[in-house]
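# Reading the structure
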There are 2 protein chains.
Amino acid sequence: MADGVTIAVDAMGGDFAPKAAIEGALMAVLDDGARVILVGDDEVIAHERRRLGDSGWLTEGRLVVEPASEVVAMDEPAVAVRSKRQASVRVCARLVREGRARAMVTAGHTGAAMIAAKTVIGTAPGVDRPALAAIFPSVGGKTVVLDVGANLDAKVRHLRQFAVMGHFYAQEMVGNPEPRIGLLSVGEEEGKGTDRLRKVYQVLKKTGLNFVGNVEGHDIFSGTVDVVVCDGFVGNAVLKGSEALARYVAGVLREELEGTVRSRLASLAAAPALRRFRDRVDFSEYGAAPLLGVRGGCFVGHGSSSATAIRNAVRRALEFSDLDVDAKIEERVADLHLQEARIFGDTAGEPS
Amino acid sequence: MADGVTIAVDAMGGDFAPKAAIEGALMAVLDDGARVILVGDDEVIAHERRRLGDSGWLTEGRLVVEPASEVVAMDEPAVAVRSKRQASVRVCARLVREGRARAMVTAGHTGAAMIAAKTVIGTAPGVDRPALAAIFPSVGGKTVVLDVGANLDAKVRHLRQFAVMGHFYAQEMVGNPEPRIGLLSVGEEEGKGTDRLRKVYQVLKKTGLNFVGNVEGHDIFSGTVDVVVCDGFVGNAVLKGSEALARYVAGVLREELEGTVRSRLASLAAAPALRRFRDRVDFSEYGAAPLLGVRGGCFVGHGSSSATAIRNAVRRALEFSDLDVDAKIEERVADLHLQEARIFGDTAGEPS
């Protein structure tokens, strides 16, 4: 593990675990030369690796196993992770804290991952709650939306922290020097939304970020904004709805193109264009989202992650680690919070 | 107005009002033979009609004007409608209450429309708050989502009422005899979501509706559920995001197909298939949503409604009126509430 970064992969998390997680980890090692620690039931992992034809020499020591005897199931409350000290997601977090892995990937229980990341790895100073940040395709390029599911009800100061982290994430990962930050609401006008959002609006106006005001659902795709701040409940619904709509639309297109001989022939001729189309509207490339504000990388994928989605999540974790995004966010959040303490006072001007 | 139903159209509501609203009303009269009362500044309306070449004989008395001297602007608080007794949206509501119009259409301030509908037209017994119901395309056919913007934070009993209204709306408008009702959350498991949603889950289990449990954003499009219940903030974000994503995807497809000569030729050959594709993923057909639970039809369109969107909204209002959807919902909600009073007690078992 001297050369290159190591990623811990939760072998037991997700609807298709352990198969999808183990196969995805194997793909990451073989396709991308990644170094992976697979975390979970070692007998199950050994059996699955044999089934996949990995007798060890293929992966040349780049795939190692860390035993974890427990799992947080999808239907358990997130807090179960507190008492299950040997839960795979918690062992992953421990590997990151101890520096044995630079980042972790899990497709398991989002709430449990959030608690493990927060309590075991720890958050950057000034960050009360990590936020799950997704990247959406848009007319202008890409839009960062956060939170997409780790914080179901965020308070005013949390949404302010999301805005700050979103700003630096867009700078680092999307390469946007001065990202436009919008607050998701039900109308563009300053007074729109709930009392809480009106408070957030006033706070964001003073952050020194490039805050463009309220935005609506359509702005995510229209290229009018680079970072959209929202609480995790609505962000999650929009993310999952959008992914499904993109799949639905691709399905309708296929149906219509295969409907007649003439259009079937036409679609053959248009195949390269249609392939590029699919690549551009495919969300699965962004199948996993990082928990920003954690002192290390923690990527959370969909429960329904396939092996390919896990492989892509490892890829994103490597990219994130190579760019030191977590360290940069930590450093800049600290700077900004020093400045903001002067504006908002130590408690950021509001207790809620 | 003896033959056929009359629809009141708010000439002053929406980003492109009065032009789009007036042209849309005119299209409804000319294309569909609708009877419309245009509500707004009569001089502005007269000027715009002349500009559009409508000297009156074209519309043969099927387009009449009701003066309204005030407007609720998009950046005003919704409650402004309470003091503006001559606001166009409020005059529309008055026409419905007085029976001069069977239903109304507005692309103006959603909150103001909600207040006007609730206080001037009135709600059905057992309905505390009307809900805006949108129809999404899905693999299975269509999915009703409510609320999509009239109730930013709905309480437990409101969400129960939305479920009941959504049930009957899906029966009437989608022709679904036993609609599957889902509660929008961040995971399918019973315990997922906020405390409030866990309460709603328990309440919906006892309603006698075909409640299938929690659903996620992707279920809206996957055909696994027919009615999705949520509060207006998240519903609005999902609706607007979805509409924009569908437009984005169609744009990407066009770009890719026009990218090379070969694919341009192919797209010409595939033109009929691509047209059918666009029709199937086009949300603008559903540009306006009814406020369910109002004693009459009240359709609210996007602020950005075009003339075509207004024409389609009138079309939907006529369809809704022909089927007497409001009266049927009123009758059935009353029945169901009688039954439920036995289960939940008079206050539906919870005060929040």
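Below is a summary of the structure that appears in this document. For every chain, the first residue of its written sequence is number 1, and the numbers climb from 1 along that sequence. To label them, take the chains in the order written and letter them from A, then take the ligands in the order written and number them from 1. In keeping with the model being predicted, local features are shown solely for residues with a pLDDT of at least 70 and side-chain atom pairs are shown and tallied solely at 80 or more, while totals for entire chains, interfaces and linings include all residues. Hydrogens and waters are ignored; side-chain quantities use all the structure's heavy atoms.

### Some words on the sheet that holds strand β2 (residues 35-40) of chain B
Residue and element names in this part refer to chain B. When DSSP finds two or more bridges between a pair of strands, those strands are recorded as paired. Helix and strand definitions follow DSSP, with helices as H or I runs of at least four residues and strands as E runs of at least two, each counted in order from the N terminus. Here 11 strands make up an open sheet; going across it, the order is β3-β2-β1-β4-β11-β10-β5-β6-β9-β7-β8 and the pairing mixed. The open sheet terminates on both sides in strands that have one partner only, identified here as β3 (63-67) and β8 (211-215). Going from strand to strand, the sheet's axes swing by 30° on average, the running direction of each strand aside. In this structure, strand β1 (residues 6-10) lies alongside strand β4 (residues 103-106), joined through 3 bridges in parallel fashion. Along β4, the bridge assignment pairs Ile 7 with Ala 103. Think of each axis as a best-fit line through the C-alpha atoms, taken over the contacting stretch in the case of a helix, with angles from 0 to 180 degrees between the N-to-C directions.

### Section: the interface of chain B and chain A
On the side of chain A, 53 residues touch chain B, which itself brings 53 residues to the contact. Here's the idea: put two parts together, see how much 1.4 Å probe accessible area each one loses, and the total over both is what we call buried area. Summed over both partners, the interface of chain B with chain A comes to about 4,700 Å²; 72% of that surface belongs to carbon and sulfur atoms. Basic side-chain nitrogens of Lys or Arg form a salt bridge, by our definition, when they fall within 4 Å of a carboxyl oxygen of Asp or Glu. Linking chain B with chain A are 2 salt bridges. As a salt-bridge pair, Glu216(B) and Lys240(A) come within 2.1 Å of each other at their nearest N and O atoms. Whether two residues are in contact is decided by their heavy atoms: any pair within 4.5 Å suffices.

### Details of the environment of Gly223(B)
One can find Gly223(B) in the loop between α8 (219-222) and β9 (227-229). Among residues more than four places away in sequence, those in contact with Gly223(B) are Ser138(B), Val139(B), Gly140(B) and Arg180(B).

### Describing the state of the cysteines
The disulfide criterion used throughout: a pair of cysteine sulfur atoms within 2.5 Å. In the structure shown here, the tally under the stated rule is 0 disulfides over all chains. The thiol of Cys298(A) is unpaired, and the distance to the nearest cysteine sulfur, on Cys92(A), comes to 8.5 Å.

### A look at the packing of helix α11 (residues 271-281) of chain A against helix α9 (residues 232-257) of chain B
In contact at an axis separation of 9 Å, α11(A) and α9(B) are set at 150° when each is read in the N-to-C sense. Here α11(A) is positioned roughly antiparallel relative to α9(B), judged by the angle of their axes. The handedness of the crossing between α11(A) and α9(B) is right-handed. In this structure, α11(A) contributes Ala273(A), Leu274(A), Arg276(A), Phe277(A), Arg280(A) and Val281(A) to the contact, and α9(B) contributes Tyr248(B), Val249(B), Val252(B), Leu253(B), Glu255(B), Glu256(B) and Leu257(B). With respect to orientation, any angle under 35 degrees is reported as roughly parallel, any angle over 145 as roughly antiparallel, any angle of 65 to 115 as roughly perpendicular, and every other angle as oblique. Two helices crossing with the near one rotated counterclockwise from the far one by less than a right angle form a left-handed crossing, whereas a clockwise rotation gives a right-handed crossing.

### What to know about the sheet that holds strand β2 (residues 35-40) of chain A
Residue and element names in this part refer to chain A. One open sheet holds the 11 strands; their spatial order is β3-β2-β1-β4-β11-β10-β5-β6-β9-β7-β8, and the pairing between them is mixed. Strands at the two margins of the open sheet, each flanked by one partner only, are β3 (63-67) and β8 (211-215). For this sheet, the mean inter-axis angle between neighbouring strands, taken without regard to orientation, is 30°. In this structure, strand β5 (residues 131-138) lies alongside strand β10 (residues 288-292), joined through 2 bridges in antiparallel fashion. Note that in β10 the partner of Ala 131 across the bridge is Leu 292. The sheet contacts of helix α1 (residues 19-32) involve β1 (6-10), β2 and β3, and relative to β2 the element is tilted by about 165°.

Function-wise, these values are silent; they only describe arrangement.
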